[in-house]
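Each chain is listed here by its residues.
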Amino acid sequence: MNADLSLYLVTDAALCGDRGVVATVREAVAGGVAIVQLRDKDASDAQTVDLLVELSHAIAGRALLVVNDRLQAAVDARSRGARVDGVHLGQSDASVRAAREALGPDALIGLTANTPAHLDAVRALPPGTVDYVGIGVIRPTSTKPDHPPALGVAGFRTLAALSPVPAVAIGGIGIDDVTALREAGAAGVAVVSALCAVEDPHAAARAFRRAWRGQRPPRVLSIAGSDPSGGAGIQADLKAIAANGGYGMAAITALTAQNTRGVRGVHVPPADFLRAQLDAVADDIEIDAVKIGMLADAEVIRTVGDWLAARRPDTVVLDPVMVSTSGDRLLDSDAEAALLDLASHADLLTPNLDELAVLSGCRVGDWPEALAAAQQVAARTGALVLAKGGHLAGDQTPDALVGADGVIVEHRGARIDTTSTHGTGCSLSSALATLSARGKDWPEAVAGAREWLRESLRAAGTLDVGRGNGPVSHLAGLWQRGALETRPSPDDVRDAWWVSIAEVRADIDALPFIRALADGTLGRDRFLGYLAQDALYLREYARVLAEAARLAPSTQEQAFWAQSAQGAIAGELELHASWLTPDTGTSATTFSAEPSAVNTAYLDHLRAAAFSGDHAVLIAAALPCFWLYTDLGVRLHAGSSGSMR
Ligand SMILES: Cc1ncc(COP(=O)(O)OP(=O)(O)O)c(N)n1
Ligand SMILES: Cc1nc(C(=O)O)sc1CCOP(=O)(O)O
Ligand SMILES: [Mg+2]
């Protein structure tokens, strides 16, 4: 069997503690463990069979499952319907030939080998009898008191070089050993205490996977349709993967004739050719993550499901393309049922609201209903669900990561004013798969992918592609950060800053006070109260600007800051004085009101920066007031607080 041995968990009931073996395995597999070995010297044969059956259900095809020593237990568990992929045998356990005979040609048979003679014996066996060897111990370990002498990495390297089959390192391995062992020729690392005896096996497994992967970009395979206009499908996926730091690959499930104004036709190649594409990639390249998009019919869906069952990468994101933008169901009932089955192979699902309604069978008319439906789908499939609010009415577009127990994290933000939304679902799911494959946990991946997509949407208008709904600008971030020029101009840097804080600006625009100011409904007292606070603010702000003048490195800057300080006192206070007097309906006490909590916090921030003695820190703290005030004033004056600039 051609197995992924990279991260190999060997269980130990005592080290798993109160959490137990099954929960430990479930968490570690979710974190990226590729193969699990049930090892328990104290359990009876019957207990071992029972636990194999339970582990088989818990793993559900997400990793391989083998048993230590007990060949009959593997046979018996299989007869009870458990998926037991094989057995690991020591030099004094049953023979590997008997194991191969009992479990068949597709089973995974491992053998312990600690000397060159052991490896010579493997070489003498019929090819295909042993799939891998376990070589150890790397260093002494209390987990296996009767362990052989420690080899160290060098000793492992020597033996691995003699092995006719892939060699897994074991014994006293920690996260810091991974790179050296991989460079010494290990096909994987087998660990017990480093995954069983830790607080968070999921996080530990992800750390091991990151260490195993090293600094190379993750390999992300898109399994989706082709959109020749470049805005959606594998074309969008490849751009999104690259923009988020991955190496993109693509197996095409369908060819479409489409542009930004719609789909003219779809051609679905034979499903066995899709399988051939998938196997061709997997046979040659270690795939770290897959993103699954358009799957045209039940046969194609089942083909992908069968492939995942045999060669599942660490991360699987399924974007369940089931409903067209116009609301038409794209799949027949057989295909929808097959897609729901496929969903149980995924780590994360990214349905839009219409697809969430189909998957859950619930009404999804508003955001609370979307969250409830997402929780129901998560509970049913075992996958996490990203509920996407983009199709909601109104000017808010929330997203929420939801699990079986409810909302894990929710993001809110104003809708970005653009019609260039073609391919946003494809792009987002590809970004999520890539960020997860780079080692981010799902909340981090969701936050990063959402921010990247919003930046791509904000810049989409600059592409000017097609006369329909155009694509997002997948590489906008790279372009704006000057990745394609030698050095961004000050204007480019300023523009990039505006783009990077666009969500903050959108939130400011959405503030009730600003909206009331913009549409003329702000009450007089509210405005006078604001002026009173602003006057208190300006008095202190002037001191900060004076400090900036004092610290300024050049006379020109010194003059600028001194004039600004004078302006804060003279011009603004004079304006407030003309408003905040008894004949304008405010009493002296209004004017001398104490700074509000927000005002105080802001002033404390500025004072801390001012008296840090660092000019750069001071002007970095002081300038946002200048820039945002001007920006807001200009847009309010222009009577529009929607378009940014
Ligand atoms: C992956 C792997 N390698 C070596 C061993 C040790 O197996 P064995 O020699 O049978 O010793 P016990 O595990 O039975 O004490 C292993 N279990 N897994
Ligand atoms: C199960 C086993 N077999 C070994 C061998 O050398 O064959 S060492 C070992 C235990 C490894 O535990 P830990 O990762 O906690 O050191
Ligand atoms: Mg043994």
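With an unreviewed UniProt entry as reference, the chain is termed Thiamine-phosphate synthase, source organism Microbacterium suwonense.

Asks: I would appreciate a short explanation of the coordination of the magnesium ion (ligand 3) in the present structure.
Replies: Octahedral metal centres with six donors ideally show angles of 90 or 180 degrees, and tetrahedral centres with four donors ideally show 109.5 degrees. For the magnesium ion (ligand 3), the protein coordination sphere consists of Asp69 (OD) and Asp93 (OD), at 2.0 to 2.3 Å. Taken together, the positions of Asp69 in the loop between β3 (64-68) and α4 (71-79) and Asp93 in the loop between β4 (86-89) and α5 (96-103) put the pair 24 residues apart, joining distant regions of the chain. Residue classification places Asp93 among the partly exposed positions, given a relative accessible area of 27%.

Asks: Is there a simple way to explain the sheet that holds strand β10 (residues 247-259) in this structure?
Replies: Where strands meet in a sheet, backbone hydrogen bonds hold them as pairs that are either parallel or antiparallel. Strand order across the open sheet formed by nine strands is β11-β10-β9-β12-β13-β14-β15-β16-β17, with mixed pairing between neighbours. Whereas interior strands pair on both sides, the edge strands pair on one side only; in this sheet they are β11 (262-267) and β17 (406-411). Relative to β10, strand β9 (residues 219-226) runs parallel, the two being bridged by eight bridges. In the sheet register, Val220 faces β10, and the bridge partner there is Gly248. Running at roughly 160 degrees to β10, helix α12 (residues 271-284) makes contact with β9 and β10 of the sheet.

Asks: Sorry if this is basic, but what is going on with the nonpolar core here?
Replies: If you look at soluble globular proteins, the nonpolar side chains tend to sit buried side by side. Residues Val33, Val133, Phe156 and Leu195 are the most contacted members of the largest nonpolar core, which totals 75 residues. Ranked by residues supplied to this core, first place goes to helix α3 (residues 45-59) with seven residues. Apart from residues lying up to four places away in sequence, Leu195 is in contact with Leu7, Leu9, Arg19, Thr24, Val33, Pro201, Ala204, Ala205 and Phe208. Of all hydrophobic cores here, the second largest spans 49 residues; its members include Ala346, Ala370, Ala374 and Leu392.

Asks: Where do I start with the site of ligand 1 in this structure?
Replies: Ligand 1 sits among 14 residues. The nearest are Gln37, Arg39, Lys41, Thr112 and Lys144. Contacts to ligand 1 include Lys144, whose side-chain N or O atom sits 2.7 Å from an oxygen atom. Partitioned by chemical class, the residues of the shell around ligand 1 number three nonpolar, six polar and five charged.

Asks: Just to check I follow, could you spell out the pairing of strand β6 (residues 132-136) for this structure?
Replies: In regular strands, side chains alternate between the two faces of the sheet. Burial runs high along β6: five of the five residues are buried. Burial of β6 is two-sided: the residues Tyr132, Gly134 and Gly136 facing one way and the residues Val133 and Ile135 facing the other way are all buried. Looking at chain direction, strand β5 (residues 108-112) and β6 are connected through three bridges and run parallel. Each residue of the ladder has a partner; that of Gly110, found in β6, is Tyr132. Taking the sense of rotation as the criterion, the β-α-β connection linking β5, helix α6 (residues 116-124) and β6 turns out right-handed. Here β6 pairs with strand β7 (residues 167-170) via four bridges, running parallel.

Asks: Which parts of the structure should I look at to understand the sheet that holds β4?
Replies: The sheet built from eight strands closes into a barrel, its strands ordered β1-β2-β3-β4-β5-β6-β7-β8 with parallel pairing. When the angles between neighbouring strand axes are averaged without regard to direction, this sheet yields 25 degrees. The strands touched by helix α10 (residues 201-213) within the sheet are β1 (7-10) and β8 (188-191), with β8 carrying the most contacts at an inclination of about 155 degrees.

Asks: It is not clear to me how the packing of helix α17 (residues 424-437) against helix α18 (residues 442-458) should be interpreted in this structure. Could you clarify?
Replies: Axes are the key here: two packed helices are described by the angle between their axes and the distance separating the axes. Packing of α17 against α18 brings their axes to within 9 Å, and their N-to-C directions diverge by 140 degrees. Classified by the interaxial angle, the pair formed by α17 and α18 is oblique. At the point where α17 passes α18, the crossing takes the right-handed sense. Residues Thr424, Ser427, Leu428, Ala431, Leu432, Leu435 and Ser436 of α17 pack against Trp442, Ala445, Val446, Gly448, Ala449, Arg450, Trp452, Leu453 and Leu457 of α18.

Asks: Can you walk me through the site of ligand 2 in this structure?
Replies: In the vicinity of ligand 2, the residues found are Arg39, Gly136, Val137, Thr141, Thr143, Lys144, Ile170, Gly171, Gly172, Val191, Val192 and Ser193. Here Thr143 contributes a side-chain N or O atom positioned 2.7 Å from an oxygen atom of ligand 2. A distance of 2.7 Å is found between an oxygen atom of ligand 2 and a backbone nitrogen or oxygen belonging to Gly172. Protein chains shield 95% of the accessible area of ligand 2, which is 430 Å² for the free molecule.

Cut-offs applied
- Residues numbered from 1 in each chain as written.
- Chains lettered and ligands numbered in written order.
- Predicted model: local features only at pLDDT ≥ 70, side-chain atom pairs only at ≥ 80, totals over all residues.
- Heavy atoms only, no water.
- Donors = N, O, S within 2.8 Å, 3.2 Å for Na, K, Ca; no water.
- Helix = DSSP H or I, 4+ residues; strand = E, 2+ residues; numbered from the N terminus.
- Buried < 20%, exposed > 50% of the residue type's maximum accessible area, 1.4 Å probe, protein only.
- Pairing = 2+ DSSP bridges.
- Contact = heavy atoms within 4.5 Å.
- Axes fitted to C-alpha atoms, helices over the stretch in contact; angles between N-to-C directions.
- Core = buried A, V, L, I, M, F, W, Y, C linked by side-chain atoms within 4.5 Å.
- Near = heavy atom within 4 Å.
- Polar contact = N/O pair within 3.5 Å; in protein donor to acceptor, adjacent residues only side chain to side chain.
- Nonpolar A, V, L, I, M, F, W, Y, C, P; charged D, E, K, R; others polar.
- Right-handed = clockwise from strand over helix to strand, strands pointing away.
- Parallel < 35°, antiparallel > 145°, perpendicular 65-115°, else oblique.
- Left-handed = near helix turned anticlockwise from the far one by under 90°.
- Areas by Shrake-Rupley, 256 points an atom, 1.4 Å probe, with all protein chains shown as cover.

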